[in-house]
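Report on the structure
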Protein chains: 2
Amino acid sequence: MLKPHIAKELRAIVGDNWVMDTPEDCLAYSYDATPLYQSLPDGVAVPGTAEEVAAIVKVCARENIKIVSRGSGSNLSAGTVPVEGGLVIVLTRLNQILEIDQDNLTTTFQPGVITANLHREVEKMGLFYPPDPGSMNISTLGGNIAECAGGLRGLKYGVTKDYIMGLQAVLPNGEILRTGGKSAKDVAGYDLTKLLVGSEGTLAIITEATAKLIPLPETKRTMLAMFRDLTGSARAVSRIIAERIIPATLEFLDNPTIRVVEDFARIGLPTDMGAILMIEQDGPEAVVERDIQKIAEICRKEGAVEVKVADSLEEGAKLMQARRFALSALARVRPTTILEDATVPRARLAEMVEQINVIAKKYNVEICTFGHAGDGNLHPTCMTDERDKEEIHRVEQAFEEIFLAAIKLGGTITGEHGVGAAKMNYLSLKVGETGIEVMKSLKRAIDPQGIMNPGKLFARDTRRRVVVSNVEQDHHAHGNGCGCNEHTAS
Amino acid sequence: MLKPHIAKELRAIVGDNWVMDTPEDCLAYSYDATPLYQSLPDGVAVPGTAEEVAAIVKVCARENIKIVSRGSGSNLSAGTVPVEGGLVIVLTRLNQILEIDQDNLTTTFQPGVITANLHREVEKMGLFYPPDPGSMNISTLGGNIAECAGGLRGLKYGVTKDYIMGLQAVLPNGEILRTGGKSAKDVAGYDLTKLLVGSEGTLAIITEATAKLIPLPETKRTMLAMFRDLTGSARAVSRIIAERIIPATLEFLDNPTIRVVEDFARIGLPTDMGAILMIEQDGPEAVVERDIQKIAEICRKEGAVEVKVADSLEEGAKLMQARRFALSALARVRPTTILEDATVPRARLAEMVEQINVIAKKYNVEICTFGHAGDGNLHPTCMTDERDKEEIHRVEQAFEEIFLAAIKLGGTITGEHGVGAAKMNYLSLKVGETGIEVMKSLKRAIDPQGIMNPGKLFARDTRRRVVVSNVEQDHHAHGNGCGCNEHTAS
């Protein structure tokens, strides 16, 4: 619960209905889409304007109340779990698309807009906002920006940071910052826009954004290629790129995923295949046709048993459903589904999948892998049961080894889900102690009180290094985030 | 001159030949391509490895010696002028392309590589590194990264920051930082890569970079469209974008520029035209052909008197020469040429050019405008004489008004040249006092001693705001940068 005088002050800012601090209210904002993480906030505020956000933050800064900002809470790294309590600021009322500027090919919107709604609105005008995270039907654009969301179209079109040109954001002192704008070229000082994109709510609360739009591709075409073995599919991916073809989407399902998806969706996937590639190309009709033919040929040459090219957009959408269904299908298997996003340079894909399989076997855990083959962004997904502490321990050991393997292959611990609370103990693996120190100095510079999304990004013990031989200690160190971690009013 | 014991210590790091501190040596590194700015360093070091850079920086940090890092010195914002003396670190010996990774479509290189050399090497393999600043035949990639260089292909392909995926950089304390890597998706912590790109040498010295490559477009086609009046050309630009065509290049010359270029190059430009658009489209043959026909049609509809489509790549290159010649041609007219880069959202282009002309007339100065019409990045260029102090004063007043006009039209003070020493008094116009404070806090966080490229980006008097009615005071405040500003050894 909030202290009564704080609750009163917040109500005066946003109105009585938009501050909530009953246990039931707090429970509803104690978790996000990340399994194993839950922690109660002291209260919840739902502002309706950037000025209200600023006024709330000023109160929190004065009273030293921690802040977690969030949208739909579809986060997969516990980034929006209030692990240190405090006030959750929900931005879903800021849900207007403010402008679609057809002359400058930009759009300006509030953070609470649902990603897929923006897609629909700009596509009506023949424009295109490519970032399409798996959660796009429920995720908010503010969350996409905070996490630098990726998606299926990352290979050809890049990720959220490649589109965000300007921001309005509330700083930890309650001041409103404006960065960037509609100019494609702008080098006036440090790029604060790109610093805030992917900063996971630890530096500022985004209250408005301007994004670049591009012309909507004229058409698209979808195909599936089935491979008996994984390495054949990986070779095909390499050959496609070597032929200088960049497909819009180049997705991959491994055999365990294929079986689970087919069992769930009954869409006719051959369950005896080692891997399926789902490929989509978009662009002008003639180019798409030529690319799809070339890709089909490459896949056959590299051992594809069957290549299925969709005859229509509808059939293509149906083929792609297998990929969009993957997570839902896997989630049905056991009570708890942990979706990770270890990422490697594209050329190391097959090696990485093989290592994941070896690691899963070693720890006797069930891991299916699917993901974005084109950009090396894999989603090893573990079906487990959070009530079985012993198994969960093995799952965490396995993921730790998976992250280490990704780093050793020149990759990263997270491609698009963010660090949050779930991966803060692994961040130094990727960025090194020097990188951690620089990042911490930036955090202190902008948020000296440490009130914005505390307990995220940085491990509590800065000297700690994750080493495989020392797993017990590691899990002690990040055990705090697992299980319900209640807080009383500060 | 450097203190003898410092010079000795630096020589021990890089070898006797690579530390220079005679007056002649220092004079050679006292300026860059920006007129009106010159200041002597105390010495010059030319390291051969990142480790040598780190060792030099450690000495400087210990002794509190200011550092200016540079490559070819083609900077246009006085960013590499050692305005506070100190040591110039020249990175031209670090000139190796370390890798072109055809599987992952990346290249890794040292900062001293000449931009056009990278273009040539990757294009041999059918790959493409789009950023093409006007100085690409002499500029180094390290400088391009430090300034976030743009170029003629910015509209379709973006700028330097859109390609840099990872960096190795020496921090102000001499530690070596590694950021990013070859993964297209990587959200492990704050995006330090993008923070360093465009940080103008004020945060770190870049010693290695990994950049994204894309497939080389199959072909390209060039055309010129001549317009009697400026607004017709601007309408054509808007129509092209409205038709959802994004040309690779969409350049613009105004009438004064046309006349000067023709006088210089004798390439048959009609000197009675109000504006010329130079348009290039690249991509698959069929698409390029279709787009060029559509663009030609749009230009004619919007009043183009003549449309000339090149029949071959050679003819296209010749047509584009007019644009590449622009600066050289303008530079011949009078002793001093000041090239600026005020930038507006594309749709405000004609308004901006008209305002530039009004301002030039008001202050009785000669300004030609050319630039990147597609991305609104204009280069109003003043032909003047730095020996005429009274005229230079009017020139500075005119540019101040031009920057204000760009801001009022929703643009920025610099699209691709950077802030440096030349525009530090105008930065707050774009980013506001809040933006300045955030940027300064980042600078302090990473460079608490303030040794990296001091006297750049931030105006000395932070409370100072540029207002047109108060020009005398403004010029007093940044008068330091004008004229030769000698320093003795610290």
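Residues numbered from 1 in each chain as written. Chains lettered and ligands numbered in written order. Predicted model: local features only at pLDDT ≥ 70, side-chain atom pairs only at ≥ 80, totals over all residues. Heavy atoms only, no water.

Naming follows an unreviewed UniProt entry, where chain A appears as FAD-binding protein of Effusibacillus lacus. The Cofactor (unreviewed entry) comment attached to chain A in UniProt states, word for word, "FAD". The Sequence similarities (unreviewed entry) comment attached to chain A in UniProt states, word for word, "Belongs to the FAD-binding oxidoreductase/transferase type 4 family." (UniProt positions renumbered as here; feature names shortened; annotations may be inferred.)

1. Side note on the overall build of chain A
Broken down by element type, chain A carries 15 helices and 20 strands. Overall, the C-alpha framework of chain A stretches about 70 × 60 × 40 Å when taken along its three principal axes. Within chain A, buried positions represent 66% of all 490 residues. Summarising the internal contacts of chain A: among those between residues at least 6 apart in sequence, 73% fall at separations of at least 24. Of the roughly 17100 Å² of accessible surface on chain A, a fraction of 50% belongs to carbon and sulfur atoms. Between the mean site of the 54 positive side-chain charges and the mean site of the 65 negative ones, chain A shows a separation of 3 Å. (Helix = DSSP H or I, 4+ residues; strand = E, 2+ residues; numbered from the N terminus. Buried < 20%, exposed > 50% of the residue type's maximum accessible area, 1.4 Å probe, protein only. Contact = heavy atoms within 4.5 Å. Areas by Shrake-Rupley, 256 points an atom, 1.4 Å probe, with all protein chains shown as cover. Lys, Arg positive; Asp, Glu negative; His and termini not counted. Charge placed at Lys NZ, Arg CZ, Asp CG, Glu CD.)

2. A short note on the pattern of salt bridges
For the coordinates displayed, the defined rule picks out 60 salt bridges over all chains. Across the pair K185 of chain B and D375 of chain A runs a salt bridge whose closest N-O atoms are separated by 3.1 Å. Highlighted residues: K185 of chain B in the loop between β10 (176-180) and α7 (192-196) and D375 of chain A in the loop between β18 (366-372) and β19 (377-384), drawn from two different chains. Given a relative accessible area of 1%, K185 of chain B falls into the buried group. Two residues, K423 of chain B and E340 of chain B, come together in a salt bridge whose shortest N-O distance is 2.5 Å. (Salt bridge = Lys/Arg side-chain N within 4 Å of Asp/Glu carboxyl O.)

3. Some details on the interface of chain A and chain B
Listed by partner, the interface residues are 78 residues for chain A and 78 residues for chain B. Summing the contributions of chain A and of chain B, the shared interface buries around 6100 Å²; its carbon and sulfur component is 60%. The interface formed by chain A and chain B includes 10 salt bridges. In this assembly, chain A and chain B are joined by 35 residue pairs in polar contact (both at pLDDT 80 or more). Secondary structure elements with two or more residues in the side of chain A that touches chain B: β10 (176-180), α7 (192-196), α10 (285-301) and α14 (427-446) of chain A. (Buried area = accessible area lost by both parts, 1.4 Å probe. Polar contact = N/O pair within 3.5 Å; in protein donor to acceptor, adjacent residues only side chain to side chain.)

4. Details of the side chain of K423 of chain A
Residues and elements named next belong to chain A. Along the chain, K423 turns up in the loop between α13 (389-408) and α14. The class of K423 is buried, set by a relative accessible area of 1%. Look past the residues within four positions of K423 in its chain and what remains in contact with it is E340, D341, F403, I413, T414 and G418.

5. Comments concerning the packing of helix α12 (residues 349-362) of chain A against α13 of chain A
All names here are of chain A. Taken N-terminus to C-terminus, the directions of α12 and α13 make an angle of 155°; their axes are 9 Å apart at the nearest point. Here α13 runs roughly antiparallel to α12, going by the angle between their axes. For α12 against α13, the interelement crossing comes out right-handed. Across from M352, Q355, I356, I359 and K362 in α12, the residues of α13 making contact are A398, E401, I402, A405 and A406. (Axes fitted to C-alpha atoms, helices over the stretch in contact; angles between N-to-C directions. Parallel < 35°, antiparallel > 145°, perpendicular 65-115°, else oblique. Left-handed = near helix turned anticlockwise from the far one by under 90°.)

6. Re the sheet that holds strand β5 (residues 87-90) of chain B
Residue and element names in this part refer to chain B. An order of β1-β3-β5-β4 is seen for the four strands of this open sheet, with the pairing classed as mixed. Each edge of the open sheet carries a strand with a single partner, namely β1 (19-20) and β4 (67-70). Inspection of the sheet shows β1 paired to strand β3 (residues 43-45) by two bridges, in the antiparallel sense. Paired with V19 across the bridge in β3 is A45. (Pairing = 2+ DSSP bridges.)

7. A short note on the domain arrangement of chain A
Considered domain by domain, chain A is made up of domain 1 (4-90), domain 2 (97-215) and domain 3 (219-332). Taking only C-alpha atoms into account, the centre of domain 1 of chain A sits 42 Å from that of domain 3 of chain A. (Domains from an automatic or database assignment.)

8. Quick notes on the packing of helix α8 (residues 230-242) of chain B against helix α10 (residues 285-301) of chain B
Residue and element names in this part refer to chain B. In the contact formed by α8 and α10, the axes pass within 9 Å of each other and the chain directions differ by 140°. Classified by the angle between their axes, α8 and α10 sit oblique to one another. As for how α8 packs across α10, the hand of that crossing is right-handed. On α10, the residues touching A236, R239 and I240 of α8 are I295, I298 and C299. Broken down by class, the residue content of the contact of α8 with α10 amounts to five nonpolar, no polar and one charged. (Nonpolar A, V, L, I, M, F, W, Y, C, P; charged D, E, K, R; others polar.)

9. A look at the nonpolar core
With 210 residues, the main nonpolar core has L277 and C299 of chain A together with C299 and M352 of chain B as its most contacted residues. Those residues in contact with C299 of chain A that sit more than four places away from it in its chain are M223, A225, F227, A236, I279, A304 and V307 of chain A. (Core = buried A, V, L, I, M, F, W, Y, C linked by side-chain atoms within 4.5 Å.)

10. Points about the UniProt feature "domain: FAD-binding PCMH-type" (unreviewed entry) in chain A
UniProt's entry tags residues 37-216 of chain A with the feature "domain: FAD-binding PCMH-type" (unreviewed entry), counted in the numbering of this structure. The span residues 37-216 of chain A carries 22% helix and 26% strand; its end-to-end C-alpha distance comes to 39 Å.

11. Section: the relation of the copies chain A and chain B
The operation relating the pair of chain copies consists of a rotation about an axis and a translation along that axis. The operation relating chain A to chain B is a screw motion whose rotation component is 180°, with 0.0 Å of axial translation and a residual RMSD of 0.0 Å. Viewed as a symmetry operation, the transformation between the two copies matches a two-fold axis. Of the interface residues in chain A, 100% have counterparts in chain B that sit at the interface too, so the contact is made through matching surfaces. (Least-squares fit on C-alpha atoms with pLDDT ≥ 70 in both.)

12. Points about the packing of aromatic side chains
Inspection of the entire model under this criterion finds 12 aromatic pairs over all chains. Seen from their ring centres, Y190 of chain A and F458 of chain B are 6.1 Å apart, and the 75° between their planes marks the pair as edge-to-face. Of the two residues, Y190 of chain A sits in the loop between β10 and α7 while F458 of chain B sits in the loop between α14 (427-446) and α15 (471-478), which places them in two different chains. For Y190 of chain A, a relative accessible area of 3% corresponds to the buried category. Between F399 of chain A and F403 of chain A, the ring centres sit 6.3 Å apart and the planes meet at 25°, which makes this aromatic pair stacked. Of the two residues, F399 of chain A and F403 of chain A both sit in helix α13, four residues apart, roughly one turn of that helix. Among the residues examined, F403 of chain A registers a relative accessible area of 2% and is labelled buried. Each residue in the set F399, F403 and Y426 of chain A is aromatic and connected to the rest through ring pairs, giving one cluster. The cationic tip of K212 of chain B hangs over the ring face of Y163 of chain B; the distance from NZ or CZ to the ring centre is 5.6 Å. (Phe/Tyr/Trp six-rings, centres within 6.5 Å; stacked < 30°, edge-to-face > 60°. Lys NZ or Arg CZ within 6 Å of the ring centre and 35° of its normal.)

13. A closer look at the environment of A209 of chain A
All names here are of chain A. Secondary-structure assignment places A209 in strand β11 (residues 205-212). Judged by relative accessible area, which is 3%, A209 ranks as buried. Spatially, the C-alpha atom of A209 lies 7.2 Å from that of P111, the residues being 98 residues apart in sequence. Not counting chain neighbours up to four residues away, the residues in contact with A209 comprise T107, T108, F109, I145, G166 and L167.

14. Observations regarding the sheet that holds strand β14 (residues 249-254) of chain A
All names here are of chain A. Here seven strands make up an open sheet; going across it, the order is β16-β13-β15-β14-β18-β19-β17 and the pairing antiparallel. Every other strand in the sheet has two partners, leaving β16 (304-309) and β17 (336-339) as the edge strands with one partner each. Averaged over all adjacent pairs, the angle separating strand axes in this sheet is 15°, with direction ignored. Across nine bridges, strand β13 (residues 219-227) lies against strand β15 (residues 275-283) in antiparallel orientation.

15. Comments concerning the environment of E302 of chain A
All names here are of chain A. Within the fold, E302 resides in the loop between α10 and β16. Classification of E302 by relative accessible area gives buried; the value is 16%. Along the sequence, E302 and V187 sit 115 residues apart, while their C-alpha atoms lie 46 Å from each other. Residues within four places of E302 in sequence aside, it is in contact with F227, G232, R235, A236 and R239. A polar atom in the side chain of E302 sits 2.8 Å from the side chain of R235.

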